[in-house]
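Secondary and tertiary structure notes
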Amino acid sequence: MSETWRAVRGFEGFYEVSDLGRVRSVDRALECGRRPGRLLKPYRNNMGYFTIALWRDGRGAKFLVHRLVLIAFSESYPPDLHAAHNNGICTDNRLSNLRWATRAENMHDKIAHGTLARRERIGSAKLTAAQIVAIRTEAGTQRAIAARYGVDQSAISNIKRGKNWAWLDGGSIV
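So, here's what we can say about the structure. This structure is a prediction, so every number in the text was calculated from the model and none was measured.

Secondary structure assignment for the protein chain yields 5 helices and 12 strands. Classification of the 174 residues of the protein chain by burial places 35% in the buried group. Summarising the internal contacts of the protein chain: among those between residues at least 6 apart in sequence, 38% fall at separations of at least 24.

Okay, structure coming up:
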């Protein structure tokens, strides 16, 4: 099967994206000669998605590669929909692995694939699931509990009321 390339919308004549999720610049004539096209190397953003910077008329913009693929190969571009990965691997940007989905559908996929940042996988989490279970049953003032775990009293209050870490129900991860 051969790779199919299409122009990146808004950057026609400058960049192309393939059905395999690759991005390249195209050959173009300049005042001082020719600039040969080349395959571009995306970088991973803080969420793990491949991102690429595209330039035109001296201005650069960053784009998620999976969105570029879907936009280029879809007949319509639904701006209110998300580009979802069918297999849950955020670096697999092949057209066959992508589809348009609502925000709710995309979130459901993330839960089903186990890729939703919850529990200890959130970079700012100071507590583990085991500590949350212990806090929920621990006696004493919220201020004293907070001091033991090195968090604010409001965090303990939110945990005890089930506002934070709500997916933990009596120690089982829902």
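Here the narrative resumes.
Turning our attention to the pairing of strand 7 (residues 50-56). Direction of pairing for strand 6 (residues 43-44) relative to strand 7: antiparallel, over a ladder of 2 bridges. Bridged to arginine 44 within strand 7 is phenylalanine 50. By the bridge criterion, 6 bridges tie strand 7 to strand 8 (residues 59-64) in an arrangement that is antiparallel. Within strand 8, the position partnered with tryptophan 55 by the bridge is glycine 60. Connecting strand 7 to the next strand, strand 8, in antiparallel fashion are 2 residues, including aspartate 57 with a positive phi near 55°.

Another aspect to go through is the side chain of arginine 67. Structurally, arginine 67 is set in helix 1 (residues 65-73). Aspartate 80 provides the closest opposite charge to the buried, unpaired arginine 67, separated from it by 8.3 Å. Residues contacting arginine 67, with those up to four places away along its chain left out, are Tyr77, Leu81, His82, Ala83 and Trp100.

Applying the stated rule across the entire model yields 4 salt bridges. Arginine 24 is the salt-bridge partner of glutamate 16, the closest N and O atoms lying 2.6 Å from each other. Taking the relative accessible area as the measure of exposure, arginine 24 reaches 28% and is therefore partly exposed. We note a salt bridge from arginine 94 to aspartate 92, for which the minimum N-O separation is 2.7 Å. Judged by its relative accessible area of 34%, arginine 94 falls in the partly exposed class. A relative accessible area of 12% means that aspartate 92 is categorised as buried.

A word on the packing of helix 4 (residues 142-149) against helix 5 (residues 153-160). Contact pair helix 4 / helix 5: the axes reach a minimum separation of 8 Å and the direction vectors enclose 110°. Taken together, the axis directions place helix 4 and helix 5 in an arrangement best described as roughly perpendicular. In contact with Gln142, Arg143, Ile145 and Ala146 of helix 4, helix 5 contributes Gln153, Ile156, Ser157 and Lys160. Of the residues that constitute the contact of helix 4 with helix 5, the class distribution is 3 nonpolar, 3 polar and 2 charged.

Glancing now at unusual backbone geometry. Phi is positive for aspartate 57, which is not a glycine, with a value near 55°. Residue classification places aspartate 57 among the exposed positions, given a relative accessible area of 70%.

It is worth spelling out the packing of aromatic side chains at this point. According to the stated counting rule, one finds 3 aromatic pairs in the structure shown. A ring pair is formed by tyrosine 77 and tryptophan 100, whose centres lie 6.1 Å apart and whose planes are at 45°; its orientation type is tilted. With tyrosine 77 in the loop between helix 1 and strand 9 (82-85) and tryptophan 100 in strand 10 (residues 98-101), the pair connects residues that are 23 residues apart, well separated along the chain. Of the residues examined, tyrosine 77 reaches a relative accessible area of 38% and is grouped as partly exposed. Taken together, the ring pairs connect Phe11, Tyr15 and Phe63 into an aromatic cluster. Across from the ring centre of tryptophan 5, 3.9 Å away, lies the NZ or CZ of arginine 24, which sits over that ring.

What counts, and at which threshold
Residues numbered from 1 in each chain as written. Predicted model: local features only at pLDDT ≥ 70, side-chain atom pairs only at ≥ 80, totals over all residues. Heavy atoms only, no water. Helix = DSSP H or I, 4+ residues; strand = E, 2+ residues; numbered from the N terminus. Buried < 20%, exposed > 50% of the residue type's maximum accessible area, 1.4 Å probe, protein only. Contact = heavy atoms within 4.5 Å. Pairing = 2+ DSSP bridges. Lys, Arg positive; Asp, Glu negative; His and termini not counted. Salt bridge = Lys/Arg side-chain N within 4 Å of Asp/Glu carboxyl O. Axes fitted to C-alpha atoms, helices over the stretch in contact; angles between N-to-C directions. Parallel < 35°, antiparallel > 145°, perpendicular 65-115°, else oblique. Nonpolar A, V, L, I, M, F, W, Y, C, P; charged D, E, K, R; others polar. Phe/Tyr/Trp six-rings, centres within 6.5 Å; stacked < 30°, edge-to-face > 60°. Lys NZ or Arg CZ within 6 Å of the ring centre and 35° of its normal.

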